[in-house]
Amino acid sequence: MRCCPGQVLRCLRLHWCCRRGRSKVPLWIRETLAYTRVLQRSLYYNSLTDSDVVFDSIFEPVFWMVDYITRRFGTVFVCLVVVLISSIVVIAYIVLLPLVLYTYSPLWIAWHLCFGNWIIVMIAFHYYKAAKTSPGFLQKEKCDRPFVSVCKKCILPKPARTHHCGICNRCILKMDHHCPWLNNCVGHFNHRYFFSFCLFMTLGCAYCSISGRDLFLNAYNALEVSYCWNYFTCECPGLFPFLERMIHKSIIYMWVLTSTAGLALGALTIWHALLISRGETSIERHVNKKENTRLAKRGRIYVNPFSYGRLDNWKVFLGVEKRSHWVTRVLLPSGHPPRGDGLTWDIFSVHHDVIPV
């Protein structure tokens, strides 16, 4: 019986395929390699991938570490704020108030007492409300509310202006940012408290820095003279007693702390005031900037649908509905809720006076 070369070749191929089948890589390794290839290709072949997605993927461990530290040390940051503010108040009442009562005229004494106590009340009230008021969480129950997207973390429909907070691990209504000094998110229901705290804290720091400048210079020069005297001579150890040195150091500490904090908080307050004037949050600032760039390439102009005009934006943000509210709701402590529920928003194509005042 003769065998043709074609049949021999087919037999060899069948034998080689059988041997190859017996030496296959395990299934779980092949699945892992296939999944890895899919992940790798998703960075290059996904039409929705851009530089921001690649950046977030690369720095995801860094973001996770920052979120973890912020979540764990939130209470420490709050205690630090309370201790620093309390120390300034104690120095103002124990050290500065006696000096004011003995050196200033009755008119200036009344001014310092009224303004100083008013600032303390406003700072304490708004800080407590900003830290304890819920920013507005997205409910997990299903309802018929309108939504614009689906959260990739919560797998829930998100209304407009709602974003996910990685530290709180929940979706926040009209989220601005997560503040570690409050150990709370800044959202729809406590955004006004946060801004008011920053504003009045800046005013308080500026007040202490300006009014205490001469006291700071006198205390600094007195300590300098004391150190120079003790360095060159060993006489007169009682020239500056311990209590007097502590008073001078307390004044220097207060001035340096309020001046530096006032500069930092002042810049933050101005930034948020600009955002409020535009009718946007910190997150929406970046989103609107991208939309503006994207539409500009097409020859179109992006208009923020949640901006009602500069004055109306401030009225809506502060809850001013009549003229007396500028005093009762802005210059005095007020716990009135914000306008709207944070789920639906009024969109005006033509700017007009939303709240006539």
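Reading the values: the criteria
Along each chain, the written sequence defines residue order, and numbers are assigned to residues from 1. Per-residue local features of the predicted model are confined to residues with pLDDT of at least 70, and side-chain atom pairs are confined, for both listing and counting, to 80 or more; whole-chain, interface and lining totals are unaffected and use all residues. As a rule here, side-chain values cover all heavy atoms of the structure and leave hydrogens and water aside. UniProt positions are given in the numbering used here, feature names are shortened, and annotations may be inferred rather than shown by experiment. Whenever a helix is involved, its axis is fitted only over the stretch in contact; in every case the axis is a line through C-alpha atoms, and angles between N-to-C directions fall within 0 to 180 degrees. Runs of E in the DSSP output that reach at least two residues are strands. Runs of H or I that reach at least four are helices, and both are numbered from the N terminus. In what follows, roughly perpendicular refers to angles from 65 to 115 degrees, roughly parallel to angles under 35, roughly antiparallel to angles over 145, and oblique to any angle outside these ranges. For any helix crossing, the convention is left-handed if the near helix is rotated counterclockwise from the far helix by under a right angle, and right-handed if that rotation is clockwise. Polarity classes work like this: nonpolar for Ala, Val, Leu, Ile, Met, Phe, Trp, Tyr, Cys and Pro, charged for Asp, Glu, Lys and Arg, and polar for all others, with Gly in that last group. The rule is simple: take the accessible area with a 1.4 Å probe, protein chains only, and divide by the maximum for that residue type; under 20% is buried, over 50% is exposed, in between is partly exposed. Pairs of residues are marked as contacts when any of their non-hydrogen atoms sit within 4.5 Å.

- By the naming in an unreviewed UniProt entry, the chain goes by Palmitoyltransferase and is assigned to Gouania willdenowi.
- Comment text from UniProt for the chain, heading Subcellular location (unreviewed entry), reads "Membrane".
- Under the heading Catalytic activity (unreviewed entry), UniProt records this for the chain: "L-cysteinyl-[protein] + hexadecanoyl-CoA = S-hexadecanoyl-L-cysteinyl-[protein] + CoA".

**Digging into the packing of helix α7 (residues 191-211) against helix α9 (residues 242-278)**
Phase 1: Put simply, α7 and α9 touch, their axes get as near as 8 Å, and they point 140° apart. In this view, α7 runs oblique relative to α9, as classed from their interaxial angle. As for the relative orientation of α7 and α9, their crossing is left-handed in sense.
Phase 2: Across the contact of α7 with α9, the residue classes tally to 14 nonpolar, nine polar and no charged.

**Let's talk about helix α11 (residues 310-318)**
Phase 1: Along α11, seven of the nine residues are buried, which leaves the element largely enclosed by surrounding structure.
Phase 2: Turning to α11, its buried residues number three or more, namely Asp 312, Asn 313, Trp 314, Lys 315, Val 316, Phe 317 and Leu 318.
Phase 3: Looking at the buried side of α11, the elements it contacts are α7, α9 and α12 (325-331).
Phase 4: Looking one or two places after α11, you find Gly 319, whose phi comes out positive at around 75°.

**A short note on the UniProt feature "transmembrane region" (unreviewed entry) in the chain**
Phase 1: The sites that carry the UniProt feature "transmembrane region" (unreviewed entry) are, in the present numbering, residues 73-96, 108-128, 193-212 and 252-276.
Phase 2: Overall, residues 193-212 shows 95% helix and 0% strand. The separation of its end C-alpha atoms is 28 Å.

**Observations regarding the packing of helix α5 (residues 74-103) against helix α6 (residues 106-132)**
Phase 1: At their nearest, the axes of α5 and α6 sit 12 Å apart, and the two run at 170° to each other. As judged from the angle between their axes, α5 and α6 are roughly antiparallel. Of the residues in α6, those touching α5 at Val 78, Val 81, Val 82, Ile 85, Val 89, Tyr 93, Leu 97, Val 100 and Leu 101 are Ile 109, His 112, Leu 113, Asn 117, Ile 120, Ile 123 and Tyr 127.
Phase 2: Taken together, the residues of the contact of α5 with α6 break down into 14 nonpolar, two polar and no charged.

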